[in-house]
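Examination of the molecular architecture
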Amino acid sequence: MNWASWTTSGVYAGTGGVRTEEAGILSGDLTVHTTWSDGQASVAVQYSGSSDWFTLTGSPVPCPSEEESRSFHQSVVEAVRAGEGATVPLVGREPA
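Keep in mind the model is a prediction, meaning the values are calculated, not measured. (Residues numbered from 1 in each chain as written. Predicted model: local features only at pLDDT ≥ 70, side-chain atom pairs only at ≥ 80, totals over all residues. Heavy atoms only, no water.)

1. Concerning the overall build of the protein
- Within the protein, the regular secondary structure consists of one helix and seven strands.
- Relative to the globule expectation of 12 Å for 96 residues, the C-alpha radius of gyration of the protein, 12 Å, shows essentially globular dimensions.
- When the backbone C-alpha atoms are referred to their principal axes, the protein occupies close to 35 × 30 × 20 Å.
- Taking all 96 residues of the protein together, 42% fall into the buried category.
- Only carbon and sulfur atoms are counted for the fraction: they give 49% of the accessible area of the protein, which is about 5200 Å².
- Charge separation in the protein, taken as the distance between the mean sites of 4 positive and 11 negative side-chain charges, equals 5 Å. (Helix = DSSP H or I, 4+ residues; strand = E, 2+ residues; numbered from the N terminus. Rg over C-alpha atoms; globule rule 2.2 N^0.38 Å. Buried < 20%, exposed > 50% of the residue type's maximum accessible area, 1.4 Å probe, protein only. Areas by Shrake-Rupley, 256 points an atom, 1.4 Å probe, with all protein chains shown as cover. Lys, Arg positive; Asp, Glu negative; His and termini not counted. Charge placed at Lys NZ, Arg CZ, Asp CG, Glu CD.)

2. Brief notes about the environment of L90
- Mapped onto the secondary structure, L90 falls in the segment after α1 (66-82).
- Spatially, the C-alpha atoms of L90 and T15 are 20 Å apart, while their sequence positions differ by 75 residues.

3. Comments concerning α1
- Helix length check: α1 (17 residues) gives 25 Å between terminal C-alpha atoms against 24 Å at 1.5 Å per residue, within 8%.
- Restricting attention to buried positions, one finds in α1 the residues S69, F72, H73, S75, V76, V77, A79 and V80.
- Turning to α1, the residues buried within the fold contact β1 (3-12), β2 (18-20), β4 (29-37), β5 (40-47) and β7 (61-62).
- G83 sits one or two positions beyond α1 and adopts a positive phi of about 70°. (Expected span 1.5 Å × (residues − 1). Contact = heavy atoms within 4.5 Å.)

4. Some details on the nonpolar core
- Grouped together as the largest cluster of nonpolar side chains are 23 residues, with contacts concentrated most on V18, V32, F72, V76 and V80.
- In terms of residue count, α1 provides more of this core than any other element does, five residues in total.
- Beyond its immediate sequence surroundings of up to four residues, V18 is in contact with G24, I25, L26, L30, V45, L56, V80, G85 and A86. (Core = buried A, V, L, I, M, F, W, Y, C linked by side-chain atoms within 4.5 Å.)

5. Some thoughts on the environment of D52
- Secondary-structure assignment places D52 in the loop between β5 and β6 (54-55).
- Along the backbone, D52 and S37 are 15 residues apart, and their C-alpha atoms lie at a distance of 21 Å.
- Beyond its immediate chain neighbours, meaning those up to four positions away, D52 contacts V45 and Q46.

6. Considering the side chain of S75
- Mapped onto the fold, S75 is located in helix α1.
- A polar side-chain atom of S75 sits 2.6 Å from the main-chain carbonyl oxygen of F72. (Polar contact = N/O pair within 3.5 Å; in protein donor to acceptor, adjacent residues only side chain to side chain.)

7. Overview of unusual backbone geometry
- With an omega dihedral of 0°, the bond running from S59 to P60 counts as a cis peptide bond.
- Position of P60 relative to the elements: it lies in the loop between β6 and β7.
- In this structure, E84 is a non-glycine residue whose phi angle is positive, near 60°.
- With respect to the helices, strands and loops of the structure, E84 is situated in the segment after α1.

The structure is reproduced here in structure tokens:
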């Protein structure tokens, strides 16, 4: 079983914040965490310094390699910074 994870803290969500499954919209100073395992990337966010994690809407997504999951994590961080009710970006995949 291969896995990897990345965490970026101090990500300020843009106007409109990000959309989560459990808590709706979050905004402000967030931490973004991506875990890749068995060809799938899962993304969670939290208020920086908090202990509660929330699933970013659209997560998990297929992601075939560790290298692609690292790039995917960066695209999520950029989407969070953009705000506007951000969800998991469609980078490298077709819209449903």
